[in-house]
Amino acid sequence: MRFALMCLGLLVMAAAPASATEHRITVTEIHNFVQKTAHAMNDPNRHTARSTLNTALAENASFSNKVSVYNPAGLWHQAWYGHPAAYGAYYRYPTNPYYNPTSLSSLRKWDQINLLENKKRAIPGYEATMDITGTTINPYGTSAVVDLDMKEYSLAYTPYHPTLAGRVLHANSKCKMYLSKVNARDLMMTRMDCNTNTNLPF
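Bear in mind that the values here come from a model prediction, so they are computed numbers and not experimental data. Within any chain, residue numbers begin from 1 and follow the written order of that chain's sequence. Reporting in this predicted model follows two pLDDT cut-offs: at least 70 for local features of residues, and 80 or more for side-chain atom pairs to be given and counted; totals over whole chains, interfaces and linings ignore these cut-offs and use all residues. The side-chain figures draw on all heavy atoms in the structure; neither hydrogens nor water molecules are used.

1. Notes on the confidence of the model for the protein chain
Atom-level detail of predicted coordinates should not be read off regions where pLDDT is low.
Part 1: Each residue carries a pLDDT score, the predictor's own confidence in it, on a scale running from 0 to 100. Predicted confidence across the protein chain gives a mean pLDDT of 78, with 72% of residues reaching 70 or more.
Part 2: Confidence, expressed as mean pLDDT per element, reaches its minimum in the protein chain at strand β2 (residues 76-78) with 44 and its maximum at strand β4 (residues 127-137) with 95.
Part 3: For this analysis, residues touch if any pair of their heavy atoms sits within 4.5 Å. Note that residues 15-20 has pLDDT below 50 and, in this model, zero contacts with residues that lie over four places away or in other chains.
Part 4: Below pLDDT 50 for its whole length, residues 76-101 participates in 27 contacts with residues either more than four positions away or in separate chains. Helix and strand definitions here come from DSSP, where helices need a minimum of 4 consecutive H or I residues and strands a minimum of 2 consecutive E residues; each element is numbered from the N-terminal end.

Have a look at this one:
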């Protein structure tokens, strides 16, 4: 009887690590998640994009974006959320001339989805690309941090191109995407932090 209990205990102990490794995040799942998110952002059907992003983002997901805006004079300026001409260079806080001034926006899940929908409505031929530049998976395989290079384009008229259309880069972001495993198959984004250079007003 004692021998049978020992064998049963060994079997249970051997089975536990196997079941634990089933739910680990894999690099393939990360690439599939990023690709699916990029397709949703570029989907011409607004309802499909909204539905896919709704399931991919956690309800308490947070998005932090530090923005520098490029102007035609060739300088980087702070991205004000108002009328920059109404204020002087030292509005609110003194600025250090040796650093590019930036602004910070903090958004929640539906703010981020609505911002994307506004971009798709306002920018002709809006297109976003996301390239993975690095991944860090925690030792238990339950969460991961993904380094992304995200670019946002619009449609451009190019008279010498066979299709008369090309694309123009408007924003380049270096982002960190935080993912968590919610069950055996699905990943969910819980947070994303970006540093963005852009010539867009939003």
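Having put the structure on the table, let's press on.
2. Here we look at the nonpolar core
Part 1: Of all hydrophobic cores here, the largest spans 31 residues; its most connected members are M130, L148, M177, L179, M189 and M192.
Part 2: The set of elements that each furnish at least two residues to this core consists of α2 (27-42), α3 (46-56), β1 (57-70), α4 (109-122), β4, β5 (143-157), β6 (165-181) and β7 (187-198).
Part 3: If you tally residues by element for this core, the top one is α2, at six residues.
Part 4: Filtering out sequence-adjacent residues up to four positions away, M177 remains in contact with F33, V34, M130, A144, V145, V146, L148, M189, R191 and M192. Within this scheme, the nonpolar core is defined by two criteria: the residues are buried Ala, Val, Leu, Ile, Met, Phe, Trp, Tyr or Cys, and they are joined through side-chain atoms within 4.5 Å. Each residue is assigned to one of three classes by its accessible area relative to the maximum for its type, calculated with a 1.4 Å probe on protein chains only: buried under 20%, partly exposed between the two thresholds, exposed over 50%.

3. A short note on the state of the cysteines
Part 1: The disulfide criterion used throughout: a pair of cysteine sulfur atoms within 2.5 Å. The final tally for this structure, using the stated rule, is one disulfide.
Part 2: C175 shares a disulfide with C194; S-S distance 2.1 Å. Between C175 and C194 the sulfur-sulfur dihedral comes to about 110°; the bridge is accordingly right-handed. Taken together, the positions of C175 in strand β6 and C194 in strand β7 put the pair 19 residues apart, joining distant regions of the chain. The exposure classification of C175 matches that of C194, with both residues buried.

4. Notes on the pattern of salt bridges
Part 1: Criterion for a salt bridge: a side-chain nitrogen of Lys or Arg within 4 Å of a carboxyl oxygen of Asp or Glu. Taken as a whole and assessed by the stated rule, the structure comprises nine salt bridges.
Part 2: Here E117 ties to R50 by a salt bridge, and the two come within 2.9 Å at their closest N and O atoms. Of this pair, E117 sits in helix α4 while R50 is found in helix α3, placing the two residues 67 residues apart along the sequence.
Part 3: Judged by its relative accessible area of 29%, R50 is partly exposed.
Part 4: Among the charged side chains, a network of salt bridges with common partners joins D149, K151 and K174.

5. Brief notes about the packing of aromatic side chains
Part 1: Any pair of Phe, Tyr and Trp rings, taking the six-membered ring for Trp, is counted once the centres come within 6.5 Å. Such a pair is stacked with planes under 30 degrees apart, edge-to-face with planes over 60 apart, and tilted for the rest. Counted under the stated rule, the structure contains zero aromatic pairs.
Part 2: Distance and angle both matter: a charge sits over a ring if NZ of Lys or CZ of Arg is within 6 Å of the ring centre and within 35 degrees of the ring normal. For R167, the ring lying beneath its charged end belongs to Y153, and the centroid distance is 3.9 Å.

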